[in-house]
Amino acid sequence: IAAADLSYALPLVQVSDRLTWLAESLVDAALTRAWDEMRALYGEPLRGDGERAGFAVIAYGKFGGIELGYGSDLDLVFLHDCDALDADTVGGARTINNGVYYARLAQRLINWLATQTPAGRAYEIDMELRPNGKSGMLVTSLASFLGYQRESAWTWEHQALTRARAVAGKVQIRDAFEIGRREILTQPRDARKLRHDIADMRSKMRNELDRSSDAHWDIKQGKGGLIDIEFITQYLVLRDAPRMPALVT
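Treat the numbers as computed from the prediction; the structure is a model and nothing was measured. (Residues numbered from 1 in each chain as written. Predicted model: local features only at pLDDT ≥ 70, side-chain atom pairs only at ≥ 80, totals over all residues. Heavy atoms only, no water.)

As for the packing of aromatic side chains
To describe a pair of aromatic rings, one takes the distance between the centres and the angle between the planes.
Here comes step 1: Counted by the stated rule, this structure contains five aromatic pairs.
Here comes step 2: Here the aromatic rings of Phe-55 and Phe-78 are separated by 5.4 Å at their centres, their planes lie at 40 degrees, and the arrangement is tilted. Highlighted residues: Phe-55 in strand S2 (residues 55–60) and Phe-78 in strand S3 (residues 74–80), separated in sequence by 23 residues. (Phe/Tyr/Trp six-rings, centres within 6.5 Å; stacked < 30°, edge-to-face > 60°. Helix = DSSP H or I, 4+ residues; strand = E, 2+ residues; numbered from the N terminus.)

Observations concerning the pattern of salt bridges
Here comes step 1: One pass over the full model with this rule turns up 20 salt bridges.
Here comes step 2: For Arg-239, the salt bridge is made with Asp-240, and the minimal N-O distance between the two is 2.8 Å.
Here comes step 3: Its relative accessible area of 10% is what places Asp-240 among the buried residues. (Salt bridge = Lys/Arg side-chain N within 4 Å of Asp/Glu carboxyl O. Buried < 20%, exposed > 50% of the residue type's maximum accessible area, 1.4 Å probe, protein only.)

Concerning the packing of helix H5 (residues 142–151) against helix H7 (residues 171–185)
Here comes step 1: Where H5 contacts H7, the two axes come as close as 10 Å, and the packing angle between them is 10 degrees. The angle between H5 and H7 falls in the class roughly parallel. Facing Leu-142, Phe-145, Leu-146, Gln-149 and Arg-150 of H5, the residues of H7 in contact are Ile-173, Ala-176, Phe-177, Gly-180, Arg-181, Glu-183 and Ile-184.
Here comes step 2: Looking at the contact of H5 with H7, its residues break down into seven nonpolar, two polar and three charged. (Axes fitted to C-alpha atoms, helices over the stretch in contact; angles between N-to-C directions. Parallel < 35°, antiparallel > 145°, perpendicular 65-115°, else oblique. Contact = heavy atoms within 4.5 Å. Nonpolar A, V, L, I, M, F, W, Y, C, P; charged D, E, K, R; others polar.)

Side note on the environment of Glu-44
Here comes step 1: Note that Glu-44 resides in strand S1 (residues 43–44).
Here comes step 2: Every residue in contact with Glu-44, bar those within four places of it in the chain, is listed here: Arg-39, Arg-52, Thr-89, Val-90 and Tyr-101.
Here comes step 3: Reaching out from Glu-44, the side chain makes a polar contact with the side chain of Arg-39 at a distance of 3.4 Å.
Here comes step 4: Within the structure, Glu-44 has its side chain in polar contact with the side chain of Arg-52 (distance 2.9 Å). (Polar contact = N/O pair within 3.5 Å; in protein donor to acceptor, adjacent residues only side chain to side chain.)

Quick look at the pairing of S2
Here comes step 1: The buried fraction of S2 amounts to six of the six residues, a majority that puts the element mostly inside the structure.
Here comes step 2: Neither face of S2 is exposed, since Phe-55, Val-57 and Ala-59 on one face and Ala-56, Ile-58 and Tyr-60 on the opposite face are all buried.
Here comes step 3: Pairing geometry for S2 and S3, over six bridges, is antiparallel. In the strand pairing of S3, Ala-59 is matched with Leu-76.
Here comes step 4: One ladder, built from four bridges, connects S2 with strand S7 (residues 165–169); its direction is antiparallel. Residue pairing in the sheet places Val-57 in a bridge with Ala-168 of S7. (Pairing = 2+ DSSP bridges.)

Okay, here's the thing in structure tokens:
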């Protein structure tokens, strides 16, 4: 990818596409390895109906928006569909609680992706966009995640959801996430309150992050910069999605 970039064989937007696809492949491979390790040790969790419970990875930010650069981190949220978290795993050398299993699976996945090695690390991982941020659980059930988004999420969390997409894991969870995401993003909103919430969040961000001066304009965080454009776009998507659902596909 870098060679094609440096030789001008690819335009910038296609470089971002390919860096994102590479990240998707690595996340998928890391998840497969983490599952294999956990399955060998503890078996796997089952749902209440006896079916295998699953796990999915949701991409946010530049990863979700297919905009990765060479030094981008990965904004991730982990979901599961297990409705029997108080039960124990089955089929392994020993058993552990299903809830503990998912927490350890997530940690192994993060370790595969982010552990520093002599050759560097694949990615830095940011989990702060999960429900309740740093104080939230490392893995959330799909039902709890969607319930939180419908009932408790802040406007900025719905802004972030406009760029979210499932990138790895159980197909049924990924499909259900996308259906729920579309339903949440197309719900009617008060345009005046929406505008106020987004403008207020943008003002707080600018006060903290804008590095503009009399001699220098911060093209990303400054007034009229890239983040302003991004916020305006997200405002228009959230305002108009109820009558134009294609905006969130």
